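# Residue-level structure breakdown
Next come the chains, spelled out residue by residue.
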Amino acid sequence: MEKVTDNVYTLLNTRGCNSSFVVTAEGAVVIDTPMVPADAKKWREEIQKFGEIRYVINNEPHNDHVAGDCWMGGILVAHELTREAIKHNRQEVLEGQMQWMAPDALPLDKGFHYRLPDITFSEEIKFHLGKHTIHIISAPGHTPSQTAVFVPEERVAFTSDNVTMMMPIMIDAVPEEWLKSLKKLKALDIDKIVPGHGPVCDKKALDVTYGNVEYITGELKKAIDKGWSLQEIQEKVTFAERFPLMPGDPMKMMRHESIAHLYEVLKK
Ligand SMILES: [Zn+2]
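In this report, the structure presented in the accompanying data block is examined. Keep in mind the model is a prediction, meaning the values are calculated, not measured. (Residues numbered from 1 in each chain as written. Predicted model: local features only at pLDDT ≥ 70, side-chain atom pairs only at ≥ 80, totals over all residues.)

Scanning the protein from terminus to terminus reveals eight helices and twelve strands. In the protein, 64% of the contacts between residues at least 6 apart in sequence involve partners at least 24 apart. (Helix = DSSP H or I, 4+ residues; strand = E, 2+ residues; numbered from the N terminus. Contact = placed C-beta atoms within 7 Å.)

See below:
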């Protein structure tokens, strides 16, 4: 567990996404949840030492961010389209992810179930707990329903996978909106950003992500303009110039799925 600011803590390097919480005078607010049931249950006990879990927020519907919701309690809050997307999440896909990230979590705990958000919104929503404001803002990008949680009193934002120092995953991305959302996040008065994966960063990560989203989109536009088929693009375009291929190419599937999705988006 890492202390991010006076009242913000995050659990990095879970076998899933970063899960964070804000401690307020009226209980804790959790942002994203650990994917592995045993990790999520342990994390809930940790959080409860600081206060009752009042709200749980999902910034995106991907399995690695929402699968732990069922162990957390609290009122679940998310964008209305995230709620729709969670309805289509599949347990087989989650089990597939666990097979390579956390094989010891299989067979999956019998208590597992997807939770649908109790409260939804379309543009933004604010909670006031003690002296803290929890401001959730629509920020489409990594997913169409992506949001960011901004806590002005702590000068921190939680962006999930909209901010990354690694190769942006674009399997569900809306690239044009992503760039706009990054600009919107840049206008926030913050010192720290907790991304969906990897270490806590600052506003510089917004520029890095912006450049990388632009780079990937640009490379694909060039390939499409050459008249290459999807299969040809998947074979020839690896983005290795910026993201060197690792031994065994573990990102191959994610890269291919990102390319297939963007191919459809950009051809329009
Ligand atoms: Zn994601």
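A few words on the sheet that holds strand β2 (residues 8-11). Reading across the sheet, the seven strands line up as β1-β2-β3-β4-β5-β6-β7 and stay open at both edges, with mixed pairing between neighbours. Edge positions in the sheet fall to β1 (2-5) and β7 (119-121), since each of these pairs with one other strand and no more. Across the sheet, the axes of successive neighbouring strands diverge by a mean angle of 25 degrees, strand direction being ignored. Contacting β2, β3 (19-24), β4 (27-31) and β5 (53-58), helix α1 (residues 37-48) runs over the sheet at an angle of about 130 degrees to β5. Strand contacts of helix α3 (residues 80-87): β5, β6 (75-79) and β7, with the helix running at about 105 degrees to β6, the strand carrying the most contacts. (Pairing = 2+ DSSP bridges. Axes fitted to C-alpha atoms, helices over the stretch in contact; angles between N-to-C directions.)

Tracing the sequence through the fold places Ala 187 in the loop between α5 (175-186) and β12 (192-195). In this structure Ala 187 comes out as exposed when scored by C-beta crowding, with 7 C-beta atoms within 10 Å. Expressed as a C-alpha distance, the spacing of Ala 187 and Lys 203, which sit 16 residues apart in the sequence, is 9.7 Å. (Buried ≥ 20, exposed ≤ 12 C-beta atoms within 10 Å, placed from the backbone.)

The subject of this paragraph is the nonpolar core. Counting 59 residues, the largest nonpolar core has Val 22, Val 29, Val 30, Ile 57, Ala 148, Val 149 and Ala 157 as the members making the most contacts within it. If you tally residues by element for this core, the top one is helix α6 (residues 204-225), at six residues. With residues up to four places along the chain from it excluded, the contact list for Val 30 reads Ser 19, Phe 21, Ile 47, Ile 53, Val 56, Ile 57, Met 72 and Gly 74. (Core = buried A, V, L, I, M, F, W, Y, C linked by C-beta atoms within 7 Å.)

The subject of this paragraph is the sheet that holds β12. Pairing within the open sheet is mixed, and its five strands lie in the order β8-β9-β10-β11-β12. Edge positions in the sheet fall to β8 (124-129) and β12, since each has one partner strand and no second. Neighbour-to-neighbour, the strand axes of the sheet open up by a mean angle of 20 degrees, direction not taken into account. Pairing between strand β9 (residues 132-138) and strand β10 (residues 147-151): four bridges, direction antiparallel.

Here α5 contains twelve residues, and its C-alpha end-to-end distance of 17 Å stays within 8% of the 16 Å for a straight helix at 1.5 Å per residue. Considered for burial, the residues of α5 that qualify are Trp 178, Ser 181, Leu 182 and Leu 185. Take α5 and look down its axis: the buried residues cluster within an arc of 105 degrees, on one side only. Facing away from the buried side of α5 by more than 90 degrees, the exposed set consists of Lys 183 and Lys 186. Among the structural elements, β10, β11 (156-160) and α6 are those in contact with the buried residues of α5. (Expected span 1.5 Å × (residues − 1). Arc of directions from axis to C-beta.)

Across three bridges, the pairing between β1 and β2 is antiparallel. Bridged to Glu 2 within β2 is Thr 10. Where β2 and β3 come together, four bridges link them in antiparallel fashion. Looking at the pairing, Tyr 9 lines up with Phe 21 of β3.

Turning our attention to the packing of α5 against α6. Relative orientation of the contacting elements α5 and α6 amounts to 165 degrees, with a least axis distance of 10 Å. By the criterion of interaxial angle, the relationship of α5 to α6 is roughly antiparallel. For the pair α5 and α6, the crossing hand works out as left-handed. Seen from α5, the contacting residues are Pro 175, Trp 178, Leu 179, Leu 182, Leu 185 and Lys 186; seen from α6, they are Leu 206, Thr 209, Tyr 210, Val 213, Glu 214 and Thr 217. In the contact of α5 with α6, the residues fall into eight nonpolar, two polar and two charged. (Parallel < 35°, antiparallel > 145°, perpendicular 65-115°, else oblique. Left-handed = near helix turned anticlockwise from the far one by under 90°. Nonpolar A, V, L, I, M, F, W, Y, C, P; charged D, E, K, R; others polar.)

A word on the environment of Phe 112. Locating Phe 112 in the fold gives a position in the loop between α4 (91-101) and β7. A residue is classified by how many C-beta atoms lie within 10 Å of it, and Phe 112, with 16 of them, is partly exposed. For the pair Phe 112 and Pro 37, spaced 75 residues apart in sequence, the C-alpha separation works out to 7.7 Å. Setting aside anything within four residues of it in sequence, one finds Phe 112 in contact with Pro 37 and Cys 70.

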